[in-house]
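One letter stands for each residue in the lines below.
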Amino acid sequence: MKRDMLFKDCVCFLLGKVSRKLNRITRESIAPYGLTTSQFFLLIALYEENGILISKLAEKVALDKASLTGIIDRLERDGLVERRGDPEDRRAIRVYLTPKAESLREELLQIYYRNNSKFLSVLSPEEKKFFESIVEKLESIEVEEK
């Protein structure tokens, strides 16, 4: 294990720094809608796949079920989503967009695409592929149980 690494070279710090900047840009662009970044990305995921099972949605947005439930609770309270039982499996719950959320679809997707384009515009096509491969490798690291 290398012990002389400078703080500025720490992978966690570097990724966190970039993540905070991306989150700030997203947060500022969605502020007029009263959404958090987590709520925003959950709506984007539902625009892509409305009526998805909660378990699949948790996987898709990379959140544990407890965190996801809290976000869905707030979106439901604000009239943007609703939970419905799955007609084929009464134990399963699906999440659906409401007409209010549908009325925001174009505006929120425009923000999503604009921000993503802004972030990717600084990368060449080769750098984008390389970046995606690096992220995939980092995501594959298993968390050690204590």
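Use the structure listed above.
The text that follows walks through the structure, step by step, so that each part is easy to find. Only a predicted model underlies this, so the values are computations on that prediction, with no experimental measurement involved. (Residues numbered from 1 in each chain as written. Predicted model: local features only at pLDDT ≥ 70, side-chain atom pairs only at ≥ 80, totals over all residues. Heavy atoms only, no water.)

What follows deals with the pairing of strand β2 (residues 81–86). As defined by bridge partners, β2 adjoins strand β3 (residues 89–97) across 6 bridges and the pair is classed as antiparallel. Its bridge partner being in β3, Glu 82 is matched across the sheet by Tyr 96. Taking the residues between adjacent antiparallel strands as the criterion, β2 and β3 are bridged by 2 residues. (Pairing = 2+ DSSP bridges. Helix = DSSP H or I, 4+ residues; strand = E, 2+ residues; numbered from the N terminus.)

What follows is about the sheet that holds strand β1 (residues 52–53). One open sheet accounts for 3 strands, arranged β1-β3-β2; its pairing is antiparallel. Two strands lie at the open edges of the sheet, namely β1 and β2, each paired on one side alone. Here helix α4 (residues 65–77) sits on the sheet and contacts β2 and β3; the angle it forms with β2, its principal contact strand, is near 115°. (Contact = heavy atoms within 4.5 Å. Axes fitted to C-alpha atoms, helices over the stretch in contact; angles between N-to-C directions.)

With that out of the way, let us pick up the nonpolar core. With 26 residues, the main nonpolar core has Leu 43, Tyr 47, Leu 57, Ile 72, Leu 75, Val 81 and Leu 108 as its most contacted residues. At the level of elements, α2 (37–48), α3 (54–60), α4, β3 and α6 (105–120) are the ones that each hand at least two residues to this core. Per-element tally for this core: the top contributor is α2, with 7 residues. Discounting residues that sit within four places of it in the chain, Ile 72 has contacts with Leu 42, Ile 54, Leu 57, Val 81, Arg 83 and Val 95. (Core = buried A, V, L, I, M, F, W, Y, C linked by side-chain atoms within 4.5 Å. Buried < 20%, exposed > 50% of the residue type's maximum accessible area, 1.4 Å probe, protein only.)

Turning next to the layout of surface pockets. There is about 1,700 Å³ of room inside the largest pocket. Lining the largest pocket are 39 residues, with Ser 19, Leu 22, Phe 41, Asn 116 and Phe 131 positioned closest to its centre. Breaking the lining of the largest pocket down by element, the ones donating at least two residues are α1 (11–30), α2, α6 and α7 (125–139). With 11 residues, α1 is the largest single contributor of residues to the lining of the largest pocket. (1 Å grid on protein atoms, 1.4 Å probe; cavity = no way out; pocket = protein on both sides within 12 Å on 5 of 7 lines; lining within 4 Å. Points joined across faces, edges and corners; volume = space filled by probe spheres on them.)

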